[in-house]
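One letter stands for each residue in the lines below.
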Amino acid sequence: MNPIIKYLKNVFAAKRVLANDAHLKGLVKADFLLQELVNAEKVPGIAITVLKGGKTIFQKGFGYADLEQKKRIDPKQSVFRVASVSKPIAATALAHMVQDGLIDLDESFYSYVPDFPRKEWDFTIRQLASHTAGIRVYRGKEFALNEPFSITDSLVLLANDPLVYKPGTEYLYNSFDWVMISAAMQGASGIPFEEYVQEKVLNSLGLLNTYTPACHPERSQTDITVNAITASNDRHHVTTFYTKAFSGFRKAIPVDNFYKLAGGGYLSTSEDIVNFGQAFLDKTVQIDDGILNQFLTAQHINDNSTYYGLGWQVSEDAKGRKFYGHVGSGVGGYSNFFVYPEEQLVFSILINSTDSKIQRELDVVINSFFDEVDS
């Protein structure tokens, strides 16, 4: 059937069943559009959870967690690579460390990692967190690195590289900034980064399905350490990670993301991610407003906004609605996480494949949840 005709039939059916409730029609539209992404083989699977005023208004899985086994996506249990949505998680832990007086955002990185080779200019934790420190982006195969680095050992990748620009003069988004921050957090606290995040963020907020990749060179992609260390692996529902190929989907190449936990290494469910976002609206993150506002305020370079705070994207959508959150793109995973404070909406959309170039479609899906839909 012609997809436009099919869409119109869905819309007219929605009008008949749902009368003039524009909000519910928006949910029908979102449902249809997400299913079409699976039907068109643009993605293997999608999990979405949406909260309005702290209540779930839409939660569904589309497609497959594993194509060969025909295992369906479960938005409550299916675990995805959330890629750069890891940055807000790490940023929340950093905010706790600032509040606890363990680290100073305006202190030199070298105060916490003194063995790192000196660069032409000094740079601060705040500059790293806002991507204004001059650290370079990925090179070559680094995006898909499969080396069993610890966080501190991975700094060898950057040891001999000059800064790209004088810190504070430009903005350059990259994940290495947050690798360096996680090393500084370990140096400041004397606690492994993943343990600090576990206690201060994951356990504190009840994010029971948010995990760290296990640090072992011979593990498979489904071997993970969890909040409850003694929990059985059969409790976990890690999706198979895919990459789009000419003839469909193939399993993504193996990668080791432990070293870049803070920048893009965590695994989670769509439900956990929206609950994480809701904690900021409910003010249950237990971080002072003065500190939190620094993280959720866009930085400026030469009076121009970077649309990025400290580990958080802080911007407006095409309709001018303000949000904070993050988009994530990694090997075998793509994610959207947005918090709209004025509308009290939180979105989490997770996909188990490398970037399928569908952000425009996801933007339409998200827009359908607002009460602007013409009935």
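Preceding this paragraph is the structure being described.
Our subject in this report is the structure included herewith. (Residues numbered from 1 in each chain as written. Predicted model: local features only at pLDDT ≥ 70, side-chain atom pairs only at ≥ 80, totals over all residues. Heavy atoms only, no water.)

Structural notes on the nonpolar core
Reasoning step 1: In terms of nonpolar packing, the biggest core is built from 77 residues, with Leu 94, Phe 109 and Trp 312 touching the most fellow members.
Reasoning step 2: If near-sequence neighbours (up to four positions away) are discounted, Leu 94 is found in contact with Ile 103, Leu 105, Ile 125, Ala 129, Trp 178, Ile 181, Met 185 and Phe 295.
Reasoning step 3: The next biggest cluster of nonpolar side chains, apart from the first, holds 25 residues, and it includes Val 43, Ile 48, Tyr 340 and Leu 362. (Core = buried A, V, L, I, M, F, W, Y, C linked by side-chain atoms within 4.5 Å. Buried < 20%, exposed > 50% of the residue type's maximum accessible area, 1.4 Å probe, protein only. Contact = heavy atoms within 4.5 Å.)

Regarding the sheet that holds strand E2 (residues 55-66)
Reasoning step 1: Ordered in space as E3-E2-E1-E16-E15-E14-E13, the 7 strands form an open sheet in which the pairing is antiparallel. Two strands in the sheet have a free side with no partner beyond their single neighbour: strand E3 (71-72) and strand E13 (313-316).
Reasoning step 2: Of the strand pairs in this sheet, strand E1 (residues 45-52) and strand E16 (residues 345-351) are connected by 7 bridges, and their pairing is antiparallel. Its bridge partner being in E16, Val 50 is matched across the sheet by Phe 347.
Reasoning step 3: This element, helix H8 (residues 270-281), spans E1, E2, strand E14 (322-330), strand E15 (333-340) and E16 of the sheet and lies at about 155 degrees to E16. (Pairing = 2+ DSSP bridges. Helix = DSSP H or I, 4+ residues; strand = E, 2+ residues; numbered from the N terminus. Axes fitted to C-alpha atoms, helices over the stretch in contact; angles between N-to-C directions.)

Side note on the layout of surface pockets
Reasoning step 1: For the largest pocket, the calculated volume is near 360 Å³.
Reasoning step 2: Residue lining of the largest pocket: 18 residues in total, with Leu 296, Val 314, Phe 323, Tyr 324 and Pro 341 positioned closest to the centre.
Reasoning step 3: Broken down by secondary-structure element, the contributors of at least two residues to the lining of the largest pocket are H8, helix H9 (289-295), E13 and E14.
Reasoning step 4: Of the residues belonging to the lining of the largest pocket, the class tally is 10 nonpolar, 4 polar and 4 charged. (1 Å grid on protein atoms, 1.4 Å probe; cavity = no way out; pocket = protein on both sides within 12 Å on 5 of 7 lines; lining within 4 Å. Points joined across faces, edges and corners; volume = space filled by probe spheres on them. Nonpolar A, V, L, I, M, F, W, Y, C, P; charged D, E, K, R; others polar.)

A few points about the environment of Asn 39
Reasoning step 1: Positionally, Asn 39 belongs in helix H2 (residues 22-39).
Reasoning step 2: Judged by relative accessible area, Asn 39 falls into the partly exposed class, the value being 42%.
Reasoning step 3: Sequence-wise, Asn 39 and Gly 63 are 24 residues apart; in three dimensions their C-alpha atoms are separated by 8.3 Å.

Concerning empty space enclosed by the protein
Reasoning step 1: The tally for this structure, following the rule as stated, stands at 2 cavities of 30 Å³ or more.
Reasoning step 2: There is about 70 Å³ of room inside the largest cavity.
Reasoning step 3: Around the largest cavity sit Arg 81, Ala 83, Phe 143, Val 255, Asn 257, Lys 260, Gly 264, Gly 330, Val 331 and Gly 333, which together line it.
Reasoning step 4: Residues that form the lining of the largest cavity fall into these classes: 4 nonpolar, 4 polar and 2 charged.
Reasoning step 5: One number sums up the size of the second largest cavity: a volume of about 50 Å³.
Reasoning step 6: What lines the second largest cavity is Phe 116, Lys 119, Gly 134, Ile 135, Arg 136, Leu 158, Asp 161, Pro 162 and Leu 163.
Reasoning step 7: The residue inventory of the lining of the second largest cavity, partitioned by class, reads 5 nonpolar, 1 polar and 3 charged.

Considering the side chain of Arg 321
Reasoning step 1: Residue position: Arg 321 is located in the loop between E13 and E14.
Reasoning step 2: Looking at Arg 321, its side chain comes within polar contact range of the side chain of Asn 367, at 2.5 Å. (Polar contact = N/O pair within 3.5 Å; in protein donor to acceptor, adjacent residues only side chain to side chain.)

A short note on H8
Since there are 3.6 residues in each turn of an α-helix, residues three or four apart along the chain are aligned in direction.
Reasoning step 1: The first and last C-alpha atoms of H8 sit 17 Å apart over 12 residues, in line with the 16 Å expected at 1.5 Å per residue.
Reasoning step 2: In terms of burial, H8 is largely enclosed, as 11 of its 12 residues are buried.
Reasoning step 3: Listing the buried residues of H8 in full gives Ser 270, Glu 271, Asp 272, Ile 273, Val 274, Phe 276, Gly 277, Gln 278, Ala 279, Phe 280 and Leu 281. (Expected span 1.5 Å × (residues − 1).)

A closer look at the sheet that holds strand E4 (residues 78-81)
Reasoning step 1: Taken in spatial order, the 3 strands make up an open sheet running E7-E4-E10, and their pairing is mixed. Edge positions in the sheet fall to strand E7 (237-238) and strand E10 (267-268), since each of these pairs with one other strand and no more.
Reasoning step 2: Bridge count for E4 against E10 is 2 bridges, and the pairing is antiparallel. By the bridge assignment for E10, Phe 80 is matched with Ser 268.

Quick word on the packing of aromatic side chains
For any pair of aromatic rings, the description rests on two quantities: the centre-to-centre distance and the angle between the ring planes.
Reasoning step 1: Counting across every chain of the model gives 24 aromatic pairs.
Reasoning step 2: Each ring, one from Tyr 138 and one from Phe 143, has its centre 5.6 Å from the other, and the planes form 80 degrees; the classification is edge-to-face.
Reasoning step 3: Given a relative accessible area of 25%, Tyr 138 falls into the partly exposed group.
Reasoning step 4: Residue classification places Phe 143 among the partly exposed positions, given a relative accessible area of 31%.
Reasoning step 5: When the ring of Tyr 340 is compared with that of Phe 370, the centres are 5.0 Å apart and the planes differ by 70 degrees; the resulting orientation is edge-to-face. With Tyr 340 in strand E15 and Phe 370 in the segment after helix H10 (359-367), this residue pair connects regions lying 30 residues apart in the sequence. (Phe/Tyr/Trp six-rings, centres within 6.5 Å; stacked < 30°, edge-to-face > 60°.)

Section: the pairing of E15
Reasoning step 1: Within E15, 8 of the 8 residues are buried, leaving the element largely enclosed by the surrounding structure.
Reasoning step 2: The alternating pattern of E15 places Gly 333, Ser 335, Phe 337 and Val 339 and Tyr 334, Asn 336, Phe 338 and Tyr 340 on opposite faces, both of which are buried.
Reasoning step 3: As paired strands, E14 and E15 are joined by 7 bridges and run antiparallel to one another. Within E15, the residue paired with Val 327 across the bridge is Asn 336.
Reasoning step 4: Between E14 and E15, which pair antiparallel in sequence order, lie 2 residues; one of them, Gly 332, sits at a positive phi of approximately 75 degrees.
Reasoning step 5: Across 7 bridges, the pairing between E15 and E16 is antiparallel. When the sheet's bridge partners are listed, Tyr 340 is paired in E16 with Leu 345.
Reasoning step 6: Hairpin geometry of E15 and E16 is characterised by an intervening segment of 4 residues between the two adjacent antiparallel strands and by a positive phi of about 55 degrees at Gln 344.

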